[in-house]
Protein chains: 2
Amino acid sequence: VKLICDLDTGIDDTLALAYILASIDQKTADGSNVDLIGVTGTFGNVTTAQGVRNDLAVLDFFGHPEVPVYAGRDHALGMRSFEVSPGSAFIHGRNGLGDIDIPDSTRAISDLSAEEFMIQSARQYGHDLVILATGAFTTVASALQKNPQMASYVGKIVMMGAAVTTCGSVNAWTEANVGQDPEAADIIFKSGAPLFVVGRDVTARTRITRQQADTWGAQGTERGKFLSSILDRYLDAYAVNFPALHGSFLPDPLAAAVALDPTLVQTIPLWLRVDLAGPTRGRTIGDPDRLREPNPTTQVSVLCDIPRFMANFMSRMTALAATK
Amino acid sequence: VKLICDLDTGIDDTLALAYILASIDQKTADGSNVDLIGVTGTFGNVTTAQGVRNDLAVLDFFGHPEVPVYAGRDHALGMRSFEVSPGSAFIHGRNGLGDIDIPDSTRAISDLSAEEFMIQSARQYGHDLVILATGAFTTVASALQKNPQMASYVGKIVMMGAAVTTCGSVNAWTEANVGQDPEAADIIFKSGAPLFVVGRDVTARTRITRQQADTWGAQGTERGKFLSSILDRYLDAYAVNFPALHGSFLPDPLAAAVALDPTLVQTIPLWLRVDLAGPTRGRTIGDPDRLREPNPTTQVSVLCDIPRFMANFMSRMTALAATK
């Protein structure tokens, strides 16, 4: 599988990216190898500029300076600019990595725009291409708008976003990534591209504890200490936001794992739309006008094999933490 | 199976009841016979008083004067009274039967309250008891409040209501039966009783046309003419409310069919709650606080074998229309 990660990097994006890097020598569920052909930056947890800075730094830190990074859109389709919300800064720190420092990369981002990279990759790799999108969906939507045919080339777009059968994270009906740019999410849902939605329906079933986070740092390596430290900051924020959880969710890592192994989740086929007006603006829901339309191209994850995901995630991350 | 139908009779409730009567000599999916032990009246499409009048009349008209009728609650838990909405009156007519007349029954309703009848039946029949609820859920909720142990006795409560993965019918987030009494629905969802939810997620995938409706009247019988006539009025209302559908949904008949054959739908296990406050009051959604709680007692129907349902529904209704 040829994989593009479209990230707003972010602590859980970093964990997702690390998990993907830890999976590069592993086989995916369909027996292919994981080939991370590029990381594209979007906004959400951080600005696009901070995100691509983090992407380069994280890739280099984990020994993958060969993976190119592309900058995507830096604000929502219907907006003129983007600012990190206080809530995001509280969770992810000022630098997106819980204010833990790793060196800047000496590399630069690519000249090609993230949209162009997605479009060219879809042309080049067709059904082998999987796009994992874990931030605002603006760049993916822009690529699909620029090249609508991409919807029929691309193998799959795995979206960490939406909350169809449960409540949102921004409010009772809006999930954060959809909420960053509801119009963009709606464009993707209506594009006809093969979509695999990994939303709050399943991500809010995951849970990692401080004890589990500490196992990486206990390896005594720089990489292990970094992974434990950023997750520790993430857990600090969750202790305030979700005191009863005694841990944190792993939204982006679950989406990354599902991108490599869709059998982790049970899905229902459903045409989705985003409410763009009215009091529930930002809500993702089954499109009532398309309920009788056959063969939805969207699969919505509704159940998840959490123990299998956690076992797989912990073993790969622990192995990665042991490398250096 | 021992079946109680809790109806707000209503055109589609009448079709559901007729379908159940047409199924009495048939086997259910689990190989048992259908034993309709009683009909209980609730409010929604009509007042409870009009509903039980219609129940008695419809039962007698279709040759089942042996089935007792019990009156249930006549207004929502949080309200002092109930009035039929203009929208309901437009769809179901002033008498709930599209203003088609059938004779009043000479029978009276039972002295026992609907709640007591449900509680006693649950004690008597335990897991053999199925309650099919297609109107406001107030009476079922009251029974569960009076006797919380009923939640562990009862075989199953099949609820025609809610809209989890798609939009509501009252507004973008509220389905009509839940909207009539959100508190009652919430009590049932949190009761721990085995629930089978047949909501807009699947009912809005059904469709019956005027041509199909006419086949019953074409039998030339009184029963066939009555069934075609009431469905004709229902279709008139749908032609105004859903002009693109060129037909009507069959919400209550689908729920009735699922009560006898749950294999018609694909479900997901999910603890539900109703939003009781805020702008989305009336919305039914997966309870975010219970996503990691194992073994939900609620199954939410998300997909449906519509062709099999329609074939079964049409053949039984046509056979019933041919009887007299």
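Please refer to the structure higher up on the page.
Below you will find a few notes about this structure. (Residues numbered from 1 in each chain as written. Chains lettered and ligands numbered in written order. Predicted model: local features only at pLDDT ≥ 70, side-chain atom pairs only at ≥ 80, totals over all residues. Heavy atoms only, no water.)

Overview of the overall build of chain A
- Across its full length, chain A holds 13 helices and ten strands.
- A globule of 324 residues ought to have a C-alpha radius of gyration of about 20 Å, and chain A, at 18 Å, matches this closely.
- With respect to the principal axes defined by its C-alpha atoms, chain A has extents near 55 × 45 × 40 Å.
- Of the contacts formed within chain A by residues at least 6 apart in sequence, a portion of 80% connects residues at least 24 apart.
- Working note: accessible area of chain A is about 11,600 Å², and carbon and sulfur atoms make up 51% of it.
- Charged side chains of chain A number 26 positive and 35 negative; the gap between the two group centres comes to 2 Å. (Helix = DSSP H or I, 4+ residues; strand = E, 2+ residues; numbered from the N terminus. Rg over C-alpha atoms; globule rule 2.2 N^0.38 Å. Contact = heavy atoms within 4.5 Å. Areas by Shrake-Rupley, 256 points an atom, 1.4 Å probe, with all protein chains shown as cover. Lys, Arg positive; Asp, Glu negative; His and termini not counted. Charge placed at Lys NZ, Arg CZ, Asp CG, Glu CD.)

Observations concerning the sheet that holds strand S5 (residues 156-160) of chain A
Residue and element names in this part refer to chain A.
- Ordered in space as S3-S2-S1-S4-S5-S6-S10-S7, the eight strands form an open sheet in which the pairing is mixed. Sheet topology places strand S3 (69-71) and strand S7 (265-269) at the edges, where each strand pairs with a single neighbour. The mean inter-strand angle of the sheet, taken between neighbouring strand axes irrespective of direction, is 25 degrees.
- Alignment of S7 against strand S10 (residues 298-304), held across five bridges, turns out to be antiparallel. Considered in S10, the bridge of isoleucine 268 is made with valine 300.
- Across the sheet, helix H4 (residues 114-125) lies against strand S1 (2-7), strand S2 (35-41), S3 and strand S4 (129-133), angled at about 155 degrees from S2, the strand it touches most. (Pairing = 2+ DSSP bridges. Axes fitted to C-alpha atoms, helices over the stretch in contact; angles between N-to-C directions.)

With respect to the relation of the copies chain A and chain B
- Laying chain A over chain B is done by rotating through 180 degrees and shifting 0.0 Å along the axis; what remains is an RMSD of 0.0 Å. Here the transformation between the copies is reduced to the relation of a two-fold axis. Nearest to the rotation axis, the C-alpha of threonine 165 of chain A is located 2.9 Å from it, this being the minimum over chain A.
- Comparing interface residues between copies, 100% of those in chain A also sit at the interface in chain B, which points to an isologous, same-surface contact. (Least-squares fit on C-alpha atoms with pLDDT ≥ 70 in both.)

Quick word on the environment of valine 258 of chain A
- Note that valine 258 of chain A resides in helix H12 (residues 251-260).
- Using a relative accessible area of 0% as the deciding quantity, one classes valine 258 of chain A as buried. (Buried < 20%, exposed > 50% of the residue type's maximum accessible area, 1.4 Å probe, protein only.)

Here we look at the interface of chain A and chain B
- Across the contact, 29 residues belong to chain A and 30 residues belong to chain B.
- Across the chain A-chain B interface, the total number found is zero salt bridges.
- Our count for the contact surface shared by chain A and chain B stands at ten residue pairs in polar contact (both at pLDDT 80 or more).
- Elements with a minimum of two residues in the side of chain A that touches chain B: helix H9 (200-203), S7, strand S9 (284-286) and S10 of chain A.
- Taken together, the residues of the side of chain A that touches chain B sort by class into 16 nonpolar, five polar and eight charged. (Salt bridge = Lys/Arg side-chain N within 4 Å of Asp/Glu carboxyl O. Polar contact = N/O pair within 3.5 Å; in protein donor to acceptor, adjacent residues only side chain to side chain. Nonpolar A, V, L, I, M, F, W, Y, C, P; charged D, E, K, R; others polar.)

Focus on empty space enclosed by the protein
- On inspection of all chains with the given rule, the structure shows one cavity of 30 Å³ or more.
- Its volume calculated, the largest cavity comes out at about 50 Å³.
- Taken together, Ala163, Val164, Thr166, Arg283, Thr284 and Ile285 of chain A together with Ala163, Val164, Thr166, Arg283, Thr284 and Ile285 of chain B form the lining of the largest cavity.
- Looking at the lining of the largest cavity, the elements with two or more residues in it are S9 of chain A together with strand S9 (284-286) of chain B.
- Of the residues belonging to the lining of the largest cavity, the class tally is six nonpolar, four polar and two charged. (1 Å grid on protein atoms, 1.4 Å probe; cavity = no way out; pocket = protein on both sides within 12 Å on 5 of 7 lines; lining within 4 Å. Points joined across faces, edges and corners; volume = space filled by probe spheres on them.)

Brief notes about the environment of alanine 185 of chain B
All names here are of chain B.
- When you line up the elements, alanine 185 lands in helix H8 (residues 182-189).
- Between the C-alpha atom of alanine 185 and that of glycine 44, which follows or precedes it by 141 residues, the distance is 13 Å.
- Residues in contact with alanine 185, not counting those within four places in the same chain, are Phe137, Val178 and Val274.

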